[in-house]
Structures are given as structure tokens and as C-alpha cells.
Amino acid sequence: LGDRWKTQVIGGEITWGWGSLRLKNLKGLEGCLADDFTRNLVIEQVRNLHCNHLGGVTWANFRNEEFLEQAAMVQKAMGYRYVLDKATYPAKLNNGKSWKLDFSLVNTGSSPFYYSWPLEVSLLDPQSHRKVWSGIIEDEDITQWMPGENWSVEEEKYLIAPEKYNVKGKFRFDNVPEGEYILALAILDPAGNR
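Report follows, based on the coordinates. If you're wondering where the values come from, they're calculated on a predicted model, not measured in any experiment.

## Considerations on the pairing of strand β8 (residues 157–160)
Direction of pairing for strand β7 (residues 149–152) relative to β8: antiparallel, over a ladder of 3 bridges. When the bridges of β8 are listed, Trp151 appears paired with Tyr158. Between the antiparallel neighbours β7 and β8 lie 4 residues, among them Glu156 with a positive phi of about 55°.

## Quick look at the sheet that holds strand β3 (residues 82–88)
The 3 strands lie next to each other as β3-β4-β9, forming an open sheet whose pairing is antiparallel. Only two strands of the sheet have a single neighbouring strand rather than two, namely β3 and β9 (164–171). Averaged over all adjacent pairs, the angle separating strand axes in this sheet is 25°, with direction ignored. Where strand β4 (residues 99–107) and β9 come together, 8 bridges link them in antiparallel fashion. In the sheet register, Leu101 faces β9, and the bridge partner there is Gly169.

## Description of the pattern of salt bridges
Summed over all chains, the structure comprises 8 salt bridges. Residue Lys164 pairs with Asp85 through a salt bridge whose shortest N-O separation is 2.9 Å. With a gap of 79 residues between them, Lys164 in strand β9 and Asp85 in strand β3 connect regions that are remote in the sequence. Under the relative-accessibility criterion, Lys164 is labelled partly exposed at 46%. For Asp85, a relative accessible area of 43% corresponds to the partly exposed category. The salt bridge partner of Glu120 is Lys131, with a shortest N-O separation of 2.8 Å. Of this pair, Glu120 sits in strand β5 (residues 119–124) while Lys131 sits in strand β6 (residues 131–137); the two residues are 11 residues apart in sequence, bridging distant segments of the chain. Here the salt bridges share partners, and the residues they tie into one network are Asp3, Lys6 and Glu149.

## Here we look at the sheet that holds β5
Within the open sheet, the 3 strands sit side by side as β6-β5-β10. Their pairing is antiparallel. Edge positions in the sheet fall to β6 and β10 (182–187), since each has one partner strand and no second. This sheet shows a mean twist of 25° between the axes of neighbouring strands, independent of strand direction. Relative to β6, β5 runs antiparallel, the two sharing 6 bridges. Across the sheet, residue Leu124 finds its bridge partner in β6, namely Lys131.

## Here's the deal with the side chain of Asn107
Here Asn107 lies in strand β4. A distance of 3.0 Å separates a polar atom in the side chain of Asn107 from the backbone nitrogen of Gly109. Reaching out from Asn107, the side chain makes a polar contact with the backbone oxygen of Ser111 at a distance of 3.0 Å. Apart from the residues within four sequence positions on either side, Asn107 is in contact with Tyr80, Arg81, Tyr82, Pro112, Trp145, Met146, Pro147, Gly148 and Pro162.

## Here's the deal with helix α3 (residues 36–49)
For α3, with 14 residues, the first-to-last C-alpha span of 20 Å sits near the 20 Å given by 1.5 Å per residue. All buried positions along α3 are accounted for by Thr38, Arg39, Val42, Ile43, Val46 and Arg47. On its buried face, α3 is in contact with α1 (19–23), α2 (28–34), β2 (53–55), α4 (65–77), β7 and β8. Where α3 ends, the next residue or the one after it, His50, has phi of about 60°, a positive value.

Each value, and the rule that gives it
Residues numbered from 1 in each chain as written. Predicted model: local features only at pLDDT ≥ 70, side-chain atom pairs only at ≥ 80, totals over all residues. Heavy atoms only, no water. Pairing = 2+ DSSP bridges. Helix = DSSP H or I, 4+ residues; strand = E, 2+ residues; numbered from the N terminus. Axes fitted to C-alpha atoms, helices over the stretch in contact; angles between N-to-C directions. Salt bridge = Lys/Arg side-chain N within 4 Å of Asp/Glu carboxyl O. Buried < 20%, exposed > 50% of the residue type's maximum accessible area, 1.4 Å probe, protein only. Polar contact = N/O pair within 3.5 Å; in protein donor to acceptor, adjacent residues only side chain to side chain. Contact = heavy atoms within 4.5 Å. Expected span 1.5 Å × (residues − 1).

Quick look at the structure:
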């Protein structure tokens, strides 16, 4: 499929009763993920195909802690996963004065984010986590934040490492009450800007 994964969603279904997995006689998703070989095979396929979703997950005991840990390994590999490398911003922000935010991140997942949704910076109340102020980082296309390529099972990493993406924004606000806030980043769903 070449580079189709860079612009087209790719997913699948974990099917334990078909192909080589049928010969292992595994019972359900829990059995697939409990078996080290099979779980690693699923992760390898997710990484190589740049999957962002898998079906076949509805028949499992979601109270089983061991299963949840194994499922988290697969989920961590799947889709996009942005890890902030560093962020710089002023320790004190003032009403009516411009300020800058610079940060860098790496996509450690398997796929990009496929929609150019808005990237928001906000100040959150430390107790309620409600937004006190927010602004959009203009001209940032998050669909270009690609993961690595050419997954190595032996090294458990992409041989072509993911790029580090640097993002900058300039902001200004008025009428924010004096206090301490949490600086937050979010990708907003344009359906409700949440």
C-alpha cells in the first residue's frame, strides 16, 4: 500500500478463530493478548501497517487487571501518540501583554492524526480544570506529525525514527483573573470545539 497510511486510516480486527491463530486454539481476545507471541505479533502488525484502530475487542473481561495491562501495550502502539519533548513559556503572564509558547513533540505511535483539527492552548483552573482562557495555534497542520517507519521487531522501534516537531504560538488575553493556572494543550473536535 506504499505511503497510503499517511493520508488514509488503516485498521482491522483481531480474529483468533482464523488463520495461524486458529491453530493456536486461543480463546478470545484475552487469550490472544495473554500469549506473548500472539500479542507481539499483533503489535508488530499494528506498527508495520500503521494501524489506528482494531475491532474485535468487545468480548473481554475489562475487570481483569492482567488483560488491561496487555491491552494497554497494544493500545499504546496503535494510532497517534504525541509525547512532549519540551515546552517554554513565561512563568508569569499578564493581561494585555503578548506572550509566546514554544514546544516540541514526537509522535511515538503508529499513525498520524488524519484530520486538521484545531490545536488549542488554554489556562485551566487548578481545582476544577475548567478553562479560564483559550487560544488557537494558527497555521499548524497536525496531520503532518508523522510516526516513524520500518518497524524493527528485534529493536522494538522504528528504524526511521519519527521527527521532532517544533510548534510556536503567540498569544494575548484580557480579563483573566490573577492567580495560578495549568497551561494545557488540546486538539479540539470541531463538532463542539471540545
